[in-house]
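Understanding the architecture of this molecule
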Amino acid sequence: MEENWRRGLLSDSEEDDQLVRHCHPATYRNPEPTGRYNLVVIGAGAAGLVSAGGAGMFGGKVALIERALLGGDCLTFGCVPSKAVLRAARAIYDQRNGERFGGRWAQDPTVDFGAVMQRMRQVRARISQHDSVERFTTTYGVEVHLGEARFLDRETIEVAGRRLRFSRAIIATGGRPSIPPISGLEEAGFETNETIFGRTTLPSQLVVLGAGPVGCELAQAFRRFGSQVALIDPQPQVLPREDREISQILADRLRREGVSLHLGVQPVRAERTMGGKRVVHLASRTGGEPSRLECDTILVAAGRAPHLEGLGLEQAGIAFTAAGIQVNDFLQTSNERVYAAGDVCSAIKLTHAADAMARIALRNALFAGRERVSRLLIPRCTYTDPEIAHLGPNGQELDPEQIETRTEDLCHNDRALLDGEEEGRVRLHIHRRTGKIVGASIAARHAGDLLATIAVAMTGGLSIKSLARTIFPYPTQAEAIRRIADQYSLAQWGPRQRGLLRRWLAWQRH
């Protein structure tokens, strides 16, 4: 069974063998089901692990089913390996640009791509123990079942020839890379996030299809490693969901680093030449001349599709579409016994979103909760350099008569100047009547960390004036948030209030 899911996805290294020993051990034998389970969870990615671990921690009889590796996409092909690779790329970039800080090197730093990927595998294997079969069976008392899950009816699931009856179930099977319908793409051959981290050699010429978070992150990383990189997207900007001015900061950086941006063009055909090269043909959406890009590697980063195949959803009376399992605001499916969480049912395909949804699904399924997913405030961050972080609606979606937008450029921030990271911006959207923050967009090297302060304020319903009263340590880039808060507070003093204050101060001088 292991060969079916491991082939082409993991290397034969000791590090990946350790990953498998933790998260899909060859010697493991599924337990014999006994009686009805409080909860059966299908899928052991972020949402599944949170659901199963939470139910087990509170004493529930829980079964967790996974066909491949516990830890799911985040551990194996997503957050963990990508951030390890991005950190290596940043270290190389900083070394190459060390002269502005006084560094001197006799020659340009070279990149050992094999060593980069080996470190990634080492860190991934080390982290994998947190998601291991042993931990979930011994610490949380969860019965782990390795194999393909399939609903037999509205309250029974089959896995590896065994039948599990449940009171409640949560589907958390996640997603997979979405492959665009480009003529010849399959024949030409391509990589996705599920295969790119298995490489040990650096692509010489890389074409990335999709300028969303995954595409931008890996395009910048591979360019810093030394690949010639072209980034393609039908939309006219990188990170199309983000504030245009904020995403433009990233686009400018990518161009300066040598990434060739092809925006507003559509890849229409791919082919493989007699010499083994791959060619991607582009058509302009504005009617311009078609063009072609030659490369040795194509990376598809065009979004994600839900894992639905083989689950037997029809037998369980669970409604679904190509976009995923249909759920109500309580994450309940059309089968009242079954809930869903994470990428399989959500348009927001982020690990921390899956975690938050799993907590809602668990409380609603087992503890008579009535929590609504629509009330979640879910931040997002693209871990490029600079990072692009966002929470709430974009400025383009807001009514300027009700919402005031204030911006602080990091070139005015002392810490950003000291760190040589002044290329960035903090933008807050503030309700004019209440003073509450309704949205934020940040471009900064550590934008995700800066956004956490905003997320706390928005979740707690704090006004911008609360941030003005908060003491921020100096020097930090987070002071840009405090500066916006100060400016907003000062702006509330109109001519009448200022006139009264001047008279009060003049009276004090007598």
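Heads up: these notes are all about the structure in this document. Here the structure is a predicted model, which means the values were calculated and not measured. (Residues numbered from 1 in each chain as written. Predicted model: local features only at pLDDT ≥ 70, side-chain atom pairs only at ≥ 80, totals over all residues. Heavy atoms only, no water.)

Glancing now at the environment of A457. You can see A457 is positioned in helix α13 (residues 447-459). A457 gets classed as buried once you look at its relative accessible area, which sits at 1%. Note: C-alpha distance between A457 and V438 (19 residues apart in sequence) is 9.8 Å. Apart from residues no more than four positions distant in its own chain, A457 is found in contact with I437, L462 and L467. (Helix = DSSP H or I, 4+ residues; strand = E, 2+ residues; numbered from the N terminus. Buried < 20%, exposed > 50% of the residue type's maximum accessible area, 1.4 Å probe, protein only. Contact = heavy atoms within 4.5 Å.)

Next up on the list: the pattern of salt bridges. In a structure, side chains of opposite charge can pair up when their charged atoms sit close to one another. If you walk through the whole model with that rule in mind, you get 37 salt bridges. Residue R224 is joined to E257 by a salt bridge in which the shortest nitrogen-to-oxygen separation is 2.8 Å. In this pair, R224 sits in helix α9 (residues 213-225) while E257 sits in the loop between α10 (244-256) and β10 (260-263), placing the two residues 33 residues apart along the sequence. As far as the burial class goes, R224 and E257 line up, both buried. A salt bridge links D419 to R415; its shortest N-O distance comes to 2.8 Å. One end of the pair is D419 and the other is R415, both in helix α12 (residues 414-419) and four residues apart, which spans about a single turn. Residue classification places R415 among the partly exposed residues on the basis of a relative accessible area of 31%. (Salt bridge = Lys/Arg side-chain N within 4 Å of Asp/Glu carboxyl O.)

In space, the five strands of this open sheet follow the order β19-β20-β23-β22-β21, with antiparallel pairing throughout. Strands with a single pairing partner mark the edges of an open sheet, and in this sheet they are β19 (380-382) and β21 (403-409). Within this sheet the neighbouring strands show an average axis-to-axis angle of 10°, counted without direction. Sheet topology note: the strand β20 (residues 387-391)/strand β23 (residues 437-444) ladder contains five bridges and is antiparallel. Looking across to β23, one finds that A389 is bridged to I442. (Pairing = 2+ DSSP bridges. Axes fitted to C-alpha atoms, helices over the stretch in contact; angles between N-to-C directions.)

This part takes up the pairing of strand β6 (residues 162-171). As paired elements, strand β1 (residues 37-42) and β6 share five bridges and run parallel to each other. Bridge pairing in β6 links Y37 to F166. Direction of pairing for strand β5 (residues 156-159) relative to β6: antiparallel, over a ladder of four bridges. Bridge pairing in β6 places T156 opposite R165.

Burial along strand β3 (residues 143-146) is two-sided: E143 and H145 facing one way and V144 and L146 facing the other are all buried. In terms of strand pairing, strand β2 (residues 62-66) meets β3 through four bridges, oriented parallel. What sits directly across from L64, in β3, is V144.

The subject of this paragraph is the environment of S284. By secondary structure assignment, the location of S284 is in strand β12 (residues 278-284). With relative accessibility at 23%, the residue S284 sits in the partly exposed group. For the pair S284 and G264, spaced 20 residues apart in sequence, the C-alpha to C-alpha distance is 6.6 Å. Beyond its immediate sequence surroundings of up to four residues, S284 is in contact with G264 and V265.

Another point: the packing of helix α5 (residues 79-96) against α9. At a closest axis distance of 9 Å, the pairing of α5 and α9 adopts a crossing angle of 45°. One way to sum up the angle between α5 and α9 is to call them oblique. Read as a crossing pair, α5 and α9 show a hand that is left-handed. Residue-level inspection shows S82, K83, V85, L86, A88, A89, R90, I92, Y93 and R96 of α5 in contact with α9, the latter providing E217, A221, R224 and F225. Tallied by class, residues from the contact of α5 with α9 come to eight nonpolar, one polar and five charged. (Parallel < 35°, antiparallel > 145°, perpendicular 65-115°, else oblique. Left-handed = near helix turned anticlockwise from the far one by under 90°. Nonpolar A, V, L, I, M, F, W, Y, C, P; charged D, E, K, R; others polar.)

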